[in-house]
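Notes for the structure review
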Amino acid sequence: MNVLFEEDGVFRAGVVLADNVGSLQVTLPTGRRVKVKAAHVLLRFETPAAAALLAEAEAAAKEIEIGFLWEAGPTGEFGFAELAAEYFGAGSGAGATPAQAAAVLLCLHSAPMYFHRKGRGRYFKAPPEILQAALAGLEKKRLQAEAITRMAAELVAGRLPEEFKAQLPQLLYAADRNRPEAKALAEAAAQSGKSEAQLLLAAGAVASAHDYHLGRFLYECFREGTGFAPYAPAVPAADELPLVSVRAFSIDDAATTEIDDAFSVTPRAEGGWHIGVHIAAPGLGFAADSDLGQIARRRLSTVYMPGQKITMLPEAVVDQFTLAAGRTVPAISLYLEVASDLRLLGRSTQLNRITIAENLRHHEIEPLFNATALAAVTLTQPLADFPYRDELMVLWDFAQVLAAGRGQQDKADSGGRKDYNFVVDWAVNDGRDGGQGVDGPGVVTISARPRGSPLDTLVAELMIFANATWGGELRDAGIPALYRVQTGGKVRMSTVAAAHEGLGVACYAWSSSPLRRYADLVNQWQLIAWLRNEPPPFVAQSAPSTDLFAALRDFELTYAAYAEFQRHMERYWCLRWLAQTDTRTLEAVVLKESLVRAMDLPLVLRVPSLPELGVAPRGARVRLTVESIDLLTTEIRVRFVEVVAGVIVDVAADGESGDADDVAADVVNPVATHVATGVTTKAALSADEDAAAAG
C-alpha cells in the first residue's frame, strides 16, 4: 500500500510499512522513514509506485487548463478527489487514476487565485468577481514587470524613459521604491554598475552635476519654486523721518547687492567724533503680517552659493532699501559720541533717513588699508591718501578699543586663515573637467584674502557693538527678541537675553542684516516699535509669544540647512576648479589623523594613505596627488606623496569658536564671497560671523 500525504506544506508519497490506525510508518523513495498521522494522508493507492506517482502527477498537471478546471468545479466545498473524478471521469464512469487525482491536487494547490483552501485536500472555487479582480491584478503586475524591464534597458542604453519625465525631481531626490520607475532605476543601476544619479545624468534627466546638486536643494527647500507670490509693495521712506546730514559709506565686497550696513564719522566741535552705525530699515516699509513679511517668514534667509543666490526678499524690495551710493534711504542708526582719546561718551538710537555717499569695496581699499600699511604708520608717515582714509583710521582705532573692551585683543591674529572669493563666469566654459565630460557652463576662479583684515575687524567690532547694544535695549525694555547665546561653548538661538561668552558681551541680538536674515528683521521690527513707543509685533505675556518661538525654531533649522548647502556647493566648485585647471598635485596641511586642508583652496579632504602622525604630524605640510574627481558625489580621491620637509603650519586657529563643533565640519571658510559675472553676494555667515566679520 502506498500513500500520498502532506508534510510541512509539501506533498510526498511513500510505501506504508505499518498502519497503526492513528498513524502510519512510511518509507519515502529516498529511504528515509517517517511517521505520518492518518489525518495527513490524502490518498491511498496501489499503483503506480510511490516513487513514480508525483512525477506522473506533475506531467498530467501541465495538461490541465486551470480556467476550465475552475469552471468544472462545484459551487460548494469539495475534495480534490471529487473534482478529479468529475474532470477526468465525467461521462465514462471510470473515475480518476491516483496520478490524475494527484495532478488535480497539485493544480488546486498551485492556484490559490482560483481555488481557496478549506483544509487538507479540500477547496472551494473563488467567486467570479474576486477571481476577475485577481486576474486583473495579475495582468497589471505582468505589464508592470515588462515596463520595468523595458525602462531599465532604456536607462542602460542612455535614454530617458518617457514615464520618467513627469516625476524627475522625485526620482532624482526622493524616489518612491514602490513605483515601477524607481524599480526600473534600481534594476538599471544593478545591471550597469553605475549609480542611479549617474544613469539619470547620462540619460539627460539633469543637465549637469551642478544642476543635480542645486536641484536637490530646491526640491528640499523650495518645492514651489524660487519665484515670489504677488505682494503689496513696501511703503516708501516716510518724509517725516529726519534727514541726517552725514557722509555715510559702506564697506563690502565687489558689487554686493544686499548692503545692510554703513558708517559715518563726523568730527565733534569739542573734539572727538560722532560715529554712526547705519542699518538698512526694510522693517519701516512693511509689517510682520504683511505680504512681504510673510514672504520673509517663509524664506527666513537669503541662500548663497558660488555664482548665484536666492534672496529672502524680492529684488525690487532689496533695491528699495539697500544702502546703495547716491541714495537717500531709511535707516536705524546707532550714534556714538567718542572722545578724542576714544572713550565712549554716549550713545543713542534713531530712526532717520541718510544719504549714502559711497560704497567702498574691499578690492579697492585693502591694497591701501591693510595690516602691513597700518603697521608702518608713524606720526610723520601717515597712510597714503585715498577716499575715506581718515574715517577708516578712526573706525580702526575705535574698533581696537571695542575689541579690548570685550577681552578679544589677543584674538586679532587670524592664525593664517583665509577668506575665499568664488567668481563664476557663466558665459564661459573651457570644456575641461578632468575627463568627466563638460559639466555645464561656468568657469570658476577662486581667490584668497587673509581672514581678520583691518577692514573685517572694524566692521565686525562695530556690528558686534550694535547688536549687543540693541539686544540690551530690547531686554531692558521688556520686549522679546531673538538672541544669539553662547554658554559652555555651545552657540544657540534664544528668546531670552543671555551672555555670548565667545564674544564677551552680556547679550547679542542679530540686528545688522535685515535684508537677508529673518532673525534680524524680527529684531528690527521690535526695535522700531520700541523707538516709536508702540506695541511690538511679537509680544510677551507671561512668556514670549508662540509666534516668536516658532520663528526662532524655523529660522535656526532653515539657516543651518542653507549654510550646509552653501558649504556643499563651495566644495563642488573647488572640485570643479581642480578639474578645470587639470590640477594633479595639491599641497595641504594636516589637521588631524587622515584629515587635511588644501593650502590654496577652502577644501578639507580625507587622505587614507596619509602616514601616522609621527611621520606627518598636525600642522605638517604634505604633497598629494589627485587620482580622481567625482563632481556628482563631490568626492575626490587623493594619494599621499611626501611631507614637505621642514614646513609646519600653525593650525591652532582651526578650532572655531562659533557653531562648528570640530574642524572636520569646517569644510570651507564660512565667511566667503560668491561672485557671478556682474553679481557679487555676501555669504550667509555662520556663527563665525559673531567673532569674525559681521555685516
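Residues numbered from 1 in each chain as written. Predicted model: local features only at pLDDT ≥ 70, side-chain atom pairs only at ≥ 80, totals over all residues. Heavy atoms only, no water.

1. Quick word on the overall build of the protein chain
What counts here: Secondary structure elements are taken from DSSP: a helix is a run of H or I of four residues or more, a strand is a run of E of two residues or more, and numbering for both begins at the N terminus. Three labels apply to residues, based on accessible area from a 1.4 Å probe with only protein chains included: buried if under 20% of the type maximum, exposed if over 50%, partly exposed otherwise in between. Any two residues having at least one pair of non-hydrogen atoms within 4.5 Å are treated as being in contact. Each accessible area is a Shrake-Rupley estimate made with a 1.4 Å probe; only the visible protein chains count as cover when residues are assessed.
Summing up its helical and strand segments, the protein chain has 18 helices and 26 strands in all. The buried share of the protein chain, taken over its 695 residues, is 51%. A fraction of 66% describes how many contacts in the protein chain between residues 6 or more apart in sequence connect residues 24 or more apart. Approximately 30,700 Å² of the protein chain is accessible, and the part contributed by carbon and sulfur atoms is 53%.

2. Topic: helix 3 (residues 80-89)
Side chains of residues three or four places apart in an α-helix project in the same direction, reflecting 3.6 residues per turn. Of the residues making up helix 3, those classed as buried are Phe 80, Leu 83, Ala 84 and Gly 89. The secondary structure elements touched by the buried residues of helix 3 are strand 5 (41-45), helix 2 (66-72), strand 6 (78-79), helix 4 (98-110) and strand 7 (115-119).

3. Digging into unusual backbone geometry
Residue Pro 48 follows Thr 47 across a cis peptide bond; omega there is -5 degrees. On the secondary structure map, Pro 48 appears in the loop between strand 5 and helix 1 (50-61). Even without glycine at this site, Asp 8 takes up a positive phi of about 55 degrees. Along the chain, the position of Asp 8 falls in the loop between strand 1 (2-7) and strand 2 (10-19). The backbone phi angle of Tyr 388 is positive, close to 65 degrees, even though this residue is not glycine. With respect to the helices, strands and loops of the structure, Tyr 388 is situated in the loop between helix 13 (371-375) and helix 14 (389-405). Note on Tyr 388: relative accessible area 6%, which makes it buried.

4. Observations concerning the nonpolar core
Just so we agree on the cut-off: Nonpolar cores are built from buried Ala, Val, Leu, Ile, Met, Phe, Trp, Tyr and Cys residues. Side-chain atoms within 4.5 Å join them into one set.
Counting 65 residues, the largest nonpolar core has Phe 164 and Leu 624 as its most contacted members. Here the element with the most residues in this core is helix 17 (residues 546-580); it accounts for nine residues. Core analysis: the second largest hydrophobic core is formed by 48 residues, Ile 275, Leu 374, Tyr 388 and Trp 470 among them.

5. Observations regarding the environment of Leu 241
Examined against the element boundaries, Leu 241 turns out to sit in the loop between helix 9 (209-221) and strand 9 (243-252). Of the residues examined, Leu 241 reaches a relative accessible area of 8% and is grouped as buried. Excluding residues within four positions of it along the chain, Leu 241 makes contact with Leu 284, Pro 330, Leu 351, Asn 352, Arg 353 and Arg 532.

6. Some details on the sheet that holds strand 5
Quick reminder of the rule: At least two DSSP bridges between two strands are needed for those strands to be called paired. Here an angle of 0 to 180 degrees is reported between the N-to-C directions of two axes, which are lines fitted to C-alpha atoms, with helices fitted over the stretch in contact.
Pairing is antiparallel in the open sheet, where five strands are placed in the order 4-3-2-1-5. Edge positions in the sheet fall to strand 4 (33-37) and strand 5, since each of these pairs with one other strand and no more. In this sheet, adjacent strand axes meet at a mean angle of 40 degrees when their direction is disregarded.

7. Quick look at helix 17
Heads up, the rule is: The span expected for a helix works out to 1.5 Å for each residue beyond the first.
Over its 35 residues, helix 17 runs 50 Å from end to end, which matches the ideal 51 Å to within 8%, given 1.5 Å per residue. Looking one or two places after helix 17, you find Asp 582, whose phi comes out positive at around 55 degrees.

8. Regarding the side chain of Gln 580
In plain terms, the rule: Two N or O atoms form a polar contact when they lie within 3.5 Å of each other; inside protein one atom must be a possible hydrogen donor and the other a possible acceptor, and for residues adjacent in sequence the pair counts only when both atoms belong to side chains.
As for its position among the elements, Gln 580 is in helix 17. We classify Gln 580 as buried; its relative accessible area is 2%. Among the polar contacts made by the side chain of Gln 580, one reaches the main-chain carbonyl oxygen of Gly 442 at a distance of 2.9 Å. A polar atom in the side chain of Gln 580 sits 3.3 Å from the backbone nitrogen of Val 444.

9. Describing the pattern of salt bridges
So the rule is basically this: The working definition used for a salt bridge is a side-chain nitrogen of Lys or Arg within 4 Å of a carboxyl oxygen of Asp or Glu.
Within the structure shown, the criterion is met by 37 salt bridges. A salt bridge links Asp 520 to Arg 517; the nearest nitrogen and oxygen atoms lie 2.7 Å apart. Between Arg 637 and Glu 627 there is a salt bridge whose closest N-O contact spans 3.6 Å. Of this pair, Arg 637 sits in strand 24 (residues 635-648) while Glu 627 is found in strand 23 (residues 620-630), placing the two residues 10 residues apart along the sequence. Judged by its relative accessible area of 57%, Arg 637 is exposed. Judged by relative accessible area, which is 42%, Glu 627 ranks as partly exposed. Put simply, Glu 366, Asp 419, Arg 449 and Asp 456 are held in one network by salt bridges that share partners.

10. Description of the sheet that holds strand 7
Strands sit in the order 6-8-7 across an open sheet of three strands; the sheet is antiparallel. Of all strands in the sheet, those with a lone pairing partner are strand 6 and strand 7, marking the two edges. Sheet topology places strand 6 next to strand 8 (residues 122-125); two bridges connect them, and they run antiparallel. By the bridge assignment, Phe 78 is partnered in strand 8 with Tyr 123. Relative to the sheet, helix 4 contacts strand 6, strand 7 and strand 8, its axis offset from that of strand 8 by approximately 60 degrees.

11. Some thoughts on the packing of helix 10 (residues 291-299) against helix 16 (residues 518-532)
To keep it simple, the criterion reads: Note on terminology: angles under 35 degrees are roughly parallel, angles over 145 are roughly antiparallel, angles of 65 to 115 are roughly perpendicular, and the others are oblique. Charged means Asp, Glu, Lys or Arg here, nonpolar means Ala, Val, Leu, Ile, Met, Phe, Trp, Tyr, Cys or Pro, and polar covers whatever is left, Gly included.
Running from N to C, helix 10 and helix 16 point in directions that differ by 140 degrees, and their axes come no closer than 9 Å. Between helix 10 and helix 16, the interaxial angle falls into the category oblique. Residue-level inspection shows Gly 293, Ala 296 and Arg 297 of helix 10 in contact with helix 16, the latter providing Tyr 518, Leu 521 and Trp 525. A per-class count over the contact of helix 10 with helix 16 returns four nonpolar, one polar and one charged.

12. Re the packing of aromatic side chains
Condition: Any two of the Phe, Tyr and Trp rings considered here, Trp counted by its six-membered ring, make a pair once their centres fall within 6.5 Å; the pair's planes then place it as stacked at under 30 degrees, edge-to-face at over 60, or tilted in between.
Tallied over the entire structure, the rule returns 19 aromatic pairs. Taken together, a centroid distance of 5.0 Å and an interplanar angle of 80 degrees make the contact between Tyr 87 and Phe 88 edge-to-face. For Tyr 87, a relative accessible area of 21% puts it in the partly exposed group. On the accessibility criterion, Phe 88 (26% relative accessible area) is partly exposed.

13. What about the environment of Thr 322?
Checked against the element boundaries, Thr 322 lands in the loop between helix 11 (315-321) and strand 14 (328-338). Thr 322 gets classed as buried once you look at its relative accessible area, which sits at 5%. Taking the C-alpha atoms as reference points, Thr 322 and Glu 258, 64 residues apart in sequence, are found 5.7 Å from one another. Excluding residues that lie within four positions of it along the chain, Thr 322 makes contacts with Thr 257, Glu 258, Ile 259, Arg 327, Val 329 and Leu 515. Reaching out from Thr 322, the side chain makes a polar contact with the backbone oxygen of Thr 257 at a distance of 2.9 Å.

By themselves, these observations are geometric and do not establish any function.
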